[in-house]
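Structural overview
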Amino acid sequence: MSEFLQATVYGLLEGGLLALVAVGFSLVWGVMNIVNLAHGAFVVTGAYIAWKLNTEMGLDPYLGMFVCAGALFLAGYAIQRLLINQVVNAPIWMTLLLTFGLDLLIVQGLQLLFTADFRSINTSWGTDGFAIGDVRVPYGRLAGFGLAVAVTVALVWFMTRTRSGLAIRMTGMDRAAARLMGVHVRHVYALTFGLSAALAAMAGAILGSINTFSPSAAGGFTLQSFVIAVLGGLGNMWGALAGGILLGLVQAWSGQYLSGTLVNAIAFGVLVLVLIVRPTGLIGRPYYEARAEA
Amino acid sequence: MRSLKLRFGLALVLVMAMAVVTACGKGGGGDEESGVQDGKLKLGAALSLTGSLAKEGALTKQGYQLCQEKVNARGGVNVGGKKAKLAITYSDDKSEPDTAARLIDQFNDDGVKLTLGPYGSPSTEAAAAAVERNGQVMVDSSGADDNIFTKGYKNTFAVLSPATEYVAIIVDSIMNGATPKPKTVAFLSADDGFSQTAAKGGVAEAEKQGLQVVAQESFPEHTTDVSSALTKVRGKNPDLILGSVHVEEGIAIVKQSAELGVKPQGFGETVAPPTPDFSKALGDSANGVVGSTQWTPQVKGQDEIFGTAQDYAADFKKRFSADAEYHSAEGAAACLALVLAVEKAGSADSSKVRDALAGLDTESFFGPITFDDTGKNVTKPMSAIQIQNGKVTTIYPEDQAEAKLQWPGTGG
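Residues numbered from 1 in each chain as written. Chains lettered and ligands numbered in written order. Predicted model: local features only at pLDDT ≥ 70, side-chain atom pairs only at ≥ 80, totals over all residues.

A few points about the interface of chain B and chain A
How big an interface is tends to be reported as the loss of accessible area on association of its parts. Taken residue by residue, the interface counts 39 residues in chain B and 39 residues in chain A. Those elements that provide at least two residues to the side of chain B that touches chain A are helix 1 (2-23), helix 2 (54-73), strand 9 (212-219), helix 7 (227-234), helix 8 (247-260) and helix 9 (276-282) of chain B. Counting residues per element, the side of chain B that touches chain A draws most heavily on helix 1 of chain B, at 9 residues. (Contact = placed C-beta atoms within 7 Å. Helix = DSSP H or I, 4+ residues; strand = E, 2+ residues; numbered from the N terminus.)

Have a look at this one:
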């Protein structure tokens, strides 16, 4: 029983981290219909910035993540405005190609700058924790989970209560109508992309303090985000959190009760199953209808 | 229309940029026949310069580079009385075995018959098949998995100790030096062929030494989450946790054991602890972890090109401003074996070099190099190290030891 509880707690916390990585990816896909293959590269970039801040200035990653978020917001805004906006009306493979290229450039760039060494941000408290009975709860992961929930709540608030958020959602629903209502669509798209990159960078900073990372980890983060976005469903800000937690739990339980080497196969099996039973993801709109305007 | 053109133009530029990025590192080749050309002895090496094994690939390349420089500083390779400069061509296999095999074919098309191994068992296995098919020769610097040596290949020779020794040497070193001696052990292993073979060798050695094996768990290769395996192991309370792993999983075992409150007397892990990343990423919690390595600067033996292991380490430090470690030493040793074989054969002809390699029996900075019928270097012992005060310290075999094993490895 204690093994089950431990696996569940750990899976839940891991799910929060997964959600944190995926939330920005899901946002951009839901609003702009862009599958951003460079998302994982943004996550890793965030991790490197936080690592640099930690090793050079001793800044805790939970403070450093705000710097990462700021830097990546600006970078994301510029990338959307200058690059992706050029192909936003082109067929989807064009944006895939573009973001794939971006991913390669960023990952290779990081490798040139930081080498392919494995890094980890050491905090004095990250691996400490407390125990409830036999179940250990590590502080580092708990904080990551808390952040994932906080970010999701903040995002929901932003999207439903602020003018910018409403403009983003409106543009996602019907771009032509939004433009007629006086929404500056290019700015809104860039804002969304910047926000997504900022969230990715925050996730990177936190993951960097919990796990190891290297430039080549980017591909894995993108793939995870993709699975979680589809699993949770697009067009709903809670989707990434739901998808992340489901994936975290499935991985933890399958690792516990089935072979540890099958976790990835089972995670993808669950994805297929969810798509058969609920093609819209757990709580989202169908991804092919996520945008009202085709 | 104009803007459409502009967009496609931009896309084209990006595609080209991508092509440049992915193609960088891919070397060219001539269309000469095998052997010495223009006073140069050409060798080919398909290495992981990008992708998930870029780190290890770069280290291996440093070993090859140092070898080339040392050999050429001495005047080159003596091929049947004529000196030829060593010229190694590098191609990037992107950490993909298929690509490694394709690059070996490409070397063959370019007339390069003598090759140095790629990084890692999967790429080496794929490359070995191509080498065999094309009648090339490969000296393997880092592929230790049994799969490479059980297919009856005649043209692949590995300078390193086989996979079965990686965990076994850790068991040996701990059972030899630890008080109190551990009684129970749990094995954690990545699911790739090399790690599984290494774990099997470790289990056999543990049972031979009277340890009780309480758990054997596996997880996907290169994962950063080994919590399921640790949760399962925790209830069994093993004295010793041995990981047959790569760097990421190795770091995860120590980190997540702390998170989950798993407290054995000590940890032992195959290839992770000797890499500098391990101590850097883990900080103080790296202390006490035992690891195994193909080479340390304390290895006995010397050769005419590199001198002793200490000489090699000093040269490496001078050239690359970094401490010598085993990946690059493996690379240098593979290159050394090939050079010695060419000199012995007095020719760069691939079948003559193959025969010379099969009969090679030499001491080197890397330890003894002799190959058995399958191409494995079975005479070379591995070494065990322990992280002591953040430093990789050789502890076993005793004739190389810089310090004694500190036990319990987890400090209490």
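Comments concerning the environment of A:Arg81
All names here are of chain A. Of note, Arg81 is situated in helix 3 (residues 61-82). Considered as a pair, Arg81 and Val188 are 107 residues apart in the sequence and their alpha carbons are 9.8 Å apart. If we skip the residues at most four places from it in the chain, Arg81 touches Arg186 and Ala190.

Some details on the domain arrangement of chain B
Residue and element names in this part refer to chain B. Along its sequence, chain B is carved into domain 1 (36-161 + 297-370) and domain 2 (165-293 + 383-400). Placing the centre of domain 1 and that of domain 2 at their C-alpha centroids yields a distance of 29 Å. On the domain 2 side, the residues contacting the 12 residues of domain 1 number 12 residues. Residue composition of the side of domain 1 that touches domain 2, by class: 3 nonpolar, 5 polar and 4 charged. (Domains from an automatic or database assignment. Nonpolar A, V, L, I, M, F, W, Y, C, P; charged D, E, K, R; others polar.)

Side note on the confidence of the model for chain B
The share of residues in chain B with pLDDT of 70 or more is 91%, and the mean pLDDT across the chain is 90. This complex was scored by the predictor with a pTM of 0.84 and an ipTM of 0.88. (pLDDT = per-residue confidence, 0-100.)

Some thoughts on the environment of A:Ser225
Residues and elements named next belong to chain A. Mapping Ser225 onto the fold places it in helix 9 (residues 218-232). Exposure remark for Ser225: the 31 C-beta atoms within 10 Å place this residue in the buried category. For Ser225 and Ser26, which are 199 residues apart along the polypeptide, the C-alpha to C-alpha distance reads 7.5 Å. Residues in contact with Ser225, not counting those within four places in the same chain, are Val21, Ala22, Phe25 and His39. (Buried ≥ 20, exposed ≤ 12 C-beta atoms within 10 Å, placed from the backbone.)

Some remarks on the packing of helix 5 (residues 165-177) of chain B against helix 6 (residues 193-208) of chain B
All names here are of chain B. Their axes nearest at 6 Å, the elements helix 5 and helix 6 cross at an angle of 30 degrees. In this structure, helix 5 meets helix 6 at a crossing whose hand is right-handed. Across the interface between the two elements, Glu165, Tyr166, Val167, Ala168, Val171 and Asp172 of helix 5 pack against Ala198, Ala199, Gly201, Gly202, Glu205 and Ala206 of helix 6. (Axes fitted to C-alpha atoms, helices over the stretch in contact; angles between N-to-C directions. Left-handed = near helix turned anticlockwise from the far one by under 90°.)

Considering the packing of helix 1 (residues 2-32) of chain A against helix 7 of chain B
Across the interface, helix 1 of chain A lies against helix 7 of chain B with an axial gap of 10 Å and an inter-helix angle of 160 degrees. Between helix 1 of chain A and helix 7 of chain B, the angle falls in the class roughly antiparallel. At the point where helix 1 of chain A passes helix 7 of chain B, the crossing takes the right-handed sense. When helix 1 of chain A is examined against helix 7 of chain B, the residues A:Glu3, A:Gln6, A:Ala7 and A:Tyr10 are found in contact with a partner set consisting of B:Ser227, B:Ser228, B:Thr231 and B:Lys232. Of the residues contributing to the contact of helix 1 of chain A with helix 7 of chain B, the split by class is 2 nonpolar, 4 polar and 2 charged. (Parallel < 35°, antiparallel > 145°, perpendicular 65-115°, else oblique.)

As for the sheet that holds strand 17 (residues 383-388) of chain B
Residues and elements named next belong to chain B. Pairing within the open sheet is mixed, and its 7 strands lie in the order 9-8-10-11-12-17-18. Lying at the two open borders of the sheet, with one neighbouring strand each, are strand 9 and strand 18 (391-396). Across the sheet, the mean angle separating the axes of adjacent strands is 25 degrees when strand polarity is ignored. Pairing of strand 12 (residues 290-293) with strand 17, which is carried by 4 bridges, proceeds in the antiparallel orientation. If you follow Ser292 over to strand 17, its bridge partner there is Ala384. (Pairing = 2+ DSSP bridges.)

A word on the nonpolar core
Residue and element names in this part refer to chain B. Ala127, Leu336, Ala337, Leu338 and Val342 are the most contacted members of the largest nonpolar core, which has 132 residues in total. The element best represented in this core is helix 11 (residues 326-345), accounting for 14 residues. Lining this core are residues from two domains, each supplying at least three of them: domain 1 (36-161 + 297-370) and domain 2 (165-293 + 383-400). What Leu336 contacts, discounting residues up to four positions off in sequence, is Cys67, Asp303, Ile305, Phe306 and Ser364. (Core = buried A, V, L, I, M, F, W, Y, C linked by C-beta atoms within 7 Å.)

Re unusual backbone geometry
The phi angle of most residues is negative, glycine excepted, and most peptide bonds adopt the trans form. Look at the link from B:Thr179 to B:Pro180: it is a cis peptide, with omega at -5 degrees. Inspection of the secondary structure puts B:Pro180 in the loop between helix 5 and strand 8 (184-190). Residue B:Pro408 is bonded to the preceding B:Trp407 through a cis peptide linkage, with omega at -5 degrees. Examined against the element boundaries, B:Pro408 turns out to sit in the segment after strand 18. Positive phi outside glycine occurs at A:Asn33, with the angle close to 60 degrees. Looking at where A:Asn33 falls in the secondary structure, it is placed in the loop between helix 1 and helix 2 (39-57). Assessed through the 18 C-beta atoms surrounding it within 10 Å, A:Asn33 is described here as partly exposed. Its identity as a non-glycine residue notwithstanding, B:Asp38 has a phi of 50 degrees, on the positive side. Position of B:Asp38 among the secondary structure elements: in the loop between strand 1 (36-37) and strand 2 (40-47).

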